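Given next are the chains, with one letter for each unit.
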Number of protein chains: 2
Amino acid sequence: MSIIRQDATTKAWVIIATERAKRPHDFKKAMATHASATYEASCPFCPGHEMSTPPEVWRLSHPQGTGWAVRVIPNKFAALAGAAEPQRREAGPLFREMDGVGAHEVIIETPVHNRVMPLMTDVEIERVLQAYQARVQALRTDPRVRYVLIFKNHGEQAGTSLEHPHSQLVATPIAPLQVRRTYEVAIGHYDDTGRCLYCDLVAAEVEAGVRLVRQTADFVVFHPFASHVPFETWIAPRRHQSSFGQVSRHELAALAPVLRETLRALYDALGNPDFNYIVHSAPIEDESKHYYLWHIQILPRLTMIAGFELGSGMFITTMLPETSAAFMREMIGQEMTHDGTR
Amino acid sequence: MSIIRQDATTKAWVIIATERAKRPHDFKKAMATHASATYEASCPFCPGHEMSTPPEVWRLSHPQGTGWAVRVIPNKFAALAGAAEPQRREAGPLFREMDGVGAHEVIIETPVHNRVMPLMTDVEIERVLQAYQARVQALRTDPRVRYVLIFKNHGEQAGTSLEHPHSQLVATPIAPLQVRRTYEVAIGHYDDTGRCLYCDLVAAEVEAGVRLVRQTADFVVFHPFASHVPFETWIAPRRHQSSFGQVSRHELAALAPVLRETLRALYDALGNPDFNYIVHSAPIEDESKHYYLWHIQILPRLTMIAGFELGSGMFITTMLPETSAAFMREMIGQEMTHDGTR
C-alpha cells in the first residue's frame with residue numbers, strides 16, 4: 001500500500017506510491033556523450049558575444065588573466081522589468097492586475113560553454129554563489145521588490161533551451177501566495193514552539209538519520225520526509241538565517257563544496273539528469289524575523305508533472321526518500337573509496 | 001512591459017510576459033502522421049486484452065453489437081487503494097503520515113486504439129462523461145473519500161506513456177490543501193457578496209467578451225483572465241452546481257459537443273497538442289453548499305514548468321488570453337464556413 005505524507009513546511013500532503021516504483025538505479029539515463037564544445041560560435045553567453053546580450057549588471061573578473069568569470073545580465077525576454085510603481089488596477093472586482101515591475105536576470109555561471117555546474121570546481125561554484133548574493137543584496141534595497149527567487153533550470157525537461165550554464169533570478173513586486181502561505185505555516189510553528197520550523201525539521205532529519213545524504217560542520221543534505229519527486233534533495237544550513245542575502249563569506253565558501261558534491265553525486269547516480277534547483281529565502285520584509293530558514297531545494301525532473309498534480313496541487317512520487325537517500329549515501333561512499341578525494 | 005494578473009479563484013498572481021511571446025499560430029506543432037492503428041496487439045487497453053488489466057469496476061456495453069464502449073478499471077499501479085481507515089500516524093510532530101487509502105481508476109474511453117478524444121463523435125464523448133459521473137457517484141458514498149479528481153493526460157509532455165485514449169480518477173482520503181484554499185477563497189467571496197464566485201466570474205467573462213471562445217445555452221468556454229499557460233481553456237456551466245456528480249443527464253448530453261468542439265479546435269489550432277484537463281468539483285462534504293462551481297480546466301502543455309513556477313507557485317505565461325481567445329474564435333468561425341457543420 002502507498003503512503004501519504006504531510007510536508008510540515010506547507011501542510012500539503014504527497015502520495016508516495018512505491019508499487020509503481022523503479023529501483024534507484026533504474027532512473028539513471030544514458031549519459032549523452034559530451035559532444036558540446038568549450039565554445040559555441042552561436043551561443044550568446046560565450047565570451048566575445050557580450051554585445052549580443054543586454055548590458056551586464058554585475059561581473060566578476062577572472063582572477064587569473066583577462067576576461068570574466070561570472071556575468072549577470074537582464075534576461076533578454078524579461079518576465080519582469082522597469083521602474084514604475086506596482087499599482088493595482090481593477091477592470092472589475094474579479095479582474096485585478098498590475099504592471100510587471102521587477103527584475104529578471106540571468107547569471108552566466110562560467111565563460112566555458114560546456115562546464116555544467118556538477119563538473120565545476122569548488123572555486124567556480126563559490127563565484128556563482130557570490131554572484132547570487134551580490135544580486136540579492138542589490139535588489140533587496142529596492143523598495144518595490146518584495147521577494148527574490150534564485151533558481152536554475154538544467155536541461156530541457158527542466159525548462160531551459162540554452163545549454164550554456166546559467167541560473168536565473170526573479171525579483172517580484174509581491175510575495176507569491178505559495179511563499180506567503182508557507183511562511184504562515186512557519187509563523188504558526190514559531191507561535192506554538194518558539195522555534196524556527198525549518199531548524200526543527202533539519203534537527204529531526206539529523207536525528208532520524210535514514211534520509212540523510214551527508215553532513216558537514218555548516219550544512220545538512222537530505223531527502224525530505226515528504227519528497228515531491230524521486231531524489232528531491234535539500235541543502236540546509238545549520239545556522240539559522242532567513243535569507244540567502246545574509247549568508248557570510250565564510251559560509252558561502254563552505255556551501256560551495258557541499259553544493260558541488262551534491263550535484264555531482266546526482267549527476268553520477270542519475271546520468272546528468274535534468275533538474276531545477278531553487279534557493280528559498282524569506283520575503284524581503286521578513287528577513288529580520290526568526291521564522292524561516294533559507295535552503296536549497298533540488299528537484300530532479302525524472303517524472304512528468306501531470307493532470308493530478310496540476311489539478312490538486314498534490315504530488316505523486318514513486319520512491320521513498322529513505323530508499324533514494326540510502327542509494328546516494330552508498331554512491332558517495334563508493335566514490336570516496338574509488339578516487340579518495342571525498 | 002509585462003502584466004501581473006490575479007487569479008480571482010485562488011488569489012495567486014500570474015505573470016503574462018508577452019515580450020517573449022510567440023504569435024498564436026507559432027505554437028502549432030507539426031502534426032504526427034497518424035501511423036498508429038485502430039488496434040495494437042501489445043496494448044493492454046485494446047479489446048481482447050481485458051484479462052491483462054485488473055478486473056473492471058464499471059462498463060458500458062456497446063449499444064450496437066457486442067463488446068464494450070467504455071471500461072473503468074483500477075489503475076494497475078494505483079497511487080491509492082484499499083479499504084483501511086486513513087488514520088494519521090506520527091513518527092514525530094514533523095513526520096506525519098497515513099496509509100494511501102482511496103481509489104485510482106483508469107477510464108478506457110474507447111475500444112479503438114487511435115481514437116483520441118478530439119476526434120470522437122459527440123455520442124462517444126457523452127459515454128466517457130457518463131463513466132466519469134457513474135464513478136464519482138459510486139465513490140462519493142464511501143465515507144473515507146473526501147475528494148474525487150477526474151483528469152486526463154494526453155501526450156508525453158502531459159505525463160502519459162500509454163497511447164490508448166484514457167482518463168483517470170483519483171479519490172483521496174483528504175481534501176488536497178490547494179483545493180481547500182481555493183475553496184476558502186470561494187467562501188470568502190460568498191460571505192462578502194452572497195453569490196458564487198465562479199458564477200460571478202463566468203458572468204464577468206461573458207460581459208467582458210474578449211476572452212470568450214464560445215457560448216451555448218448551457219455552457220461558456222473562455223480563456224481565463226489570469227491564464228496560467230498559453231491557451232488555457234475553461235468550460236463552465238451556466239447553472240450553479242458544485243460537483244460534476246450532480247450534473248443531469250440532459251446537461252451531460254449538452255456538455256459532450258461543447259467538450260468535443262473545444263478539444264477539436266485546440267487539436268486543429270495547435271497540431272494535436274499534449275494537454276491535461278481537470279474536472280474540478282467541490283470536496284464531497286461541501287457538495288450541498290453554494291460556494292463552488294464545477295468546471296473543466298484544459299491546460300495545453302506547450303511550455304515547460306520550470307524552477308520559477310516550482311519555487312514560487314507563480315506561473316509565467318507568454319500570451320494574453322485575449323490574443324489566444326481571438327485566435328480560437330477565428331479558427332472556429334473559419335471551420336464553420338469551411339465544413340458548414342458548426
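From a predicted model like this one, the values you see are computed outputs, not experimental measurements.

(A) The arrangement of the sheet that holds strand S2 (residues 13-16) of chain B in detail. Strands sit in the order S5(A)-S6(A)-S1(B)-S2(B)-S15(B) across an open sheet of five strands; the sheet is mixed. Looking at which strands have only one partner, the edges of the open sheet turn out to be strand S5 (88-90) of chain A together with strand S15 (316-317) of chain B. Of the pairings in the sheet, the one linking S2 of chain B to S15 of chain B comprises two bridges and is parallel in character. Within S15 of chain B, the residue paired with Ile 16 of chain B across the bridge is Thr 317 of chain B.

(B) Representation of the interface of chain B and chain A within the structure. Taken together, the contact pairs 74 residues of chain B with 74 residues of chain A. It is Leu 94, Phe 95 and Leu 310 of chain B in chain B that bury the most area against chain A; as a group they hold 12% of the surface buried on that side. Glu 97 of chain A serves as the salt-bridge partner of Arg 5 of chain B, at 2.9 Å between the closest nitrogen and oxygen. The interface formed by chain B and chain A includes 17 residue pairs in polar contact (both at pLDDT 80 or more). Looking at which element gives the most residues to the side of chain B that touches chain A, the answer is helix H3 (residues 197-208) of chain B, with six residues. Among the residues making up the side of chain B that touches chain A, the classes are represented as 41 nonpolar, 19 polar and 14 charged. In this structure, strand S1 (residues 3-6) of chain A lies alongside strand S6 (residues 96-99) of chain B, joined through three bridges in antiparallel fashion. Pairing of Ile 3 of chain A across the sheet is with Asp 99 of chain B, part of S6 of chain B.

(C) Representation of the sheet that holds strand S4 (residues 68-74) of chain B within the structure. Residues and elements named next belong to chain B. Spatially, the ten strands line up as an open sheet ordered S3-S4-S7-S9-S8-S13-S14-S12-S11-S10, and their pairing is antiparallel. At either margin of the open sheet sits one strand with a lone partner, and together these are strand S3 (58-61) and strand S10 (212-215). Averaged over neighbouring strand pairs, the angle between their axes works out to 15° when direction is ignored. Against the sheet, H3 contacts S10, strand S11 (219-222), strand S12 (233-237) and strand S14 (295-300), and its axis sits at roughly 65° relative to S11.

(D) Region of interest: the pattern of salt bridges. Within the structure shown, the criterion is met by 50 salt bridges over all chains. Glu 205 of chain A is paired through a salt bridge with Arg 211 of chain A; the nearest N and O atoms lie 2.9 Å apart. We classify Arg 211 of chain A as buried; its relative accessible area is 4%. For Arg 140 of chain B, the salt bridge is made with Glu 287 of chain B, and the minimal N-O distance between the two is 2.4 Å.

(E) Here's a closer look at the relation of the copies chain B and chain A. When chain B is fitted to chain A, the best match, at an RMSD of 0.0 Å, comes from turning it 180° and sliding it 0.0 Å along the axis. Expressed as an axis order, the relation between the two copies is that of a two-fold axis. If distances are taken from each C-alpha of chain B to the rotation axis, the shortest is found for Ile 305 of chain B, at 4.1 Å. Here 99% of the interface residues in chain B have copies in chain A that are interface residues too; the copies meet face to matching face.

(F) Broad picture of unusual backbone geometry. In this structure, Asn 272 of chain A takes a positive phi of about 50° despite not being glycine. Tracing the backbone through its elements, the reader meets Asn 272 of chain A in the loop between helix H4 (249-270) and strand S13 (275-280). The backbone of Lys 11 of chain B sits at a positive phi, close to 70°, despite the residue not being glycine. Structurally, the position occupied by Lys 11 of chain B is in the loop between strand S1 (3-6) and S2. Owing to a relative accessible area of 37%, Lys 11 of chain B belongs among the partly exposed residues under this scheme.

Rules behind the numbers
- Note on numbering: residues in each chain are counted from 1, in written sequence order.
- Chains and ligands are labelled sequentially in the order written, the chains with letters from A and the ligands with numbers from 1.
- Whole-chain, interface and lining totals are the exception, using all residues; otherwise, since this is a predicted model, local features are given only for residues with pLDDT of at least 70 and side-chain atom pairs are given and counted only at 80 or more.
- To get the side-chain values, all heavy atoms of the structure are used, and hydrogens and water are removed first.
- Following DSSP output, two strands are said to pair if at least two bridges run between them.
- Where helices and strands are cited, they refer to DSSP runs of H or I of at least four residues and of E of at least two residues respectively, numbered from the N terminus.
- For this analysis, residues touch if any pair of their heavy atoms sits within 4.5 Å.
- Reported buried area values correspond to the accessible surface (1.4 Å probe) lost by two parts on association, with both partners' losses combined.
- One speaks of a salt bridge when a side-chain nitrogen belonging to Lys or Arg is within 4 Å of a carboxyl oxygen belonging to Asp or Glu.
- Pairs of N or O atoms within 3.5 Å make up the polar contacts considered here, provided that, within protein, one atom can donate a hydrogen while the other can accept it, and that residues adjacent in sequence are counted only when both atoms are side-chain atoms.
- Three classes are used: nonpolar for Ala, Val, Leu, Ile, Met, Phe, Trp, Tyr, Cys and Pro, charged for Asp, Glu, Lys and Arg, and polar for all others, with Gly counted as polar.
- To define axes, lines are fitted to C-alpha atoms, for helices over the stretch in contact only, and angles between the resulting N-to-C directions are given on a 0 to 180 degree scale.
- Burial classification: accessible surface area is computed with a 1.4 Å probe over protein chains only, and a residue below 20% of its type maximum counts as buried, one above 50% as exposed, and the rest as partly exposed.
- The copies were overlaid with a least-squares fit restricted to C-alpha atoms from residues scoring a pLDDT of at least 70 in each copy.

None of this, on its own, says anything about what the molecule does.
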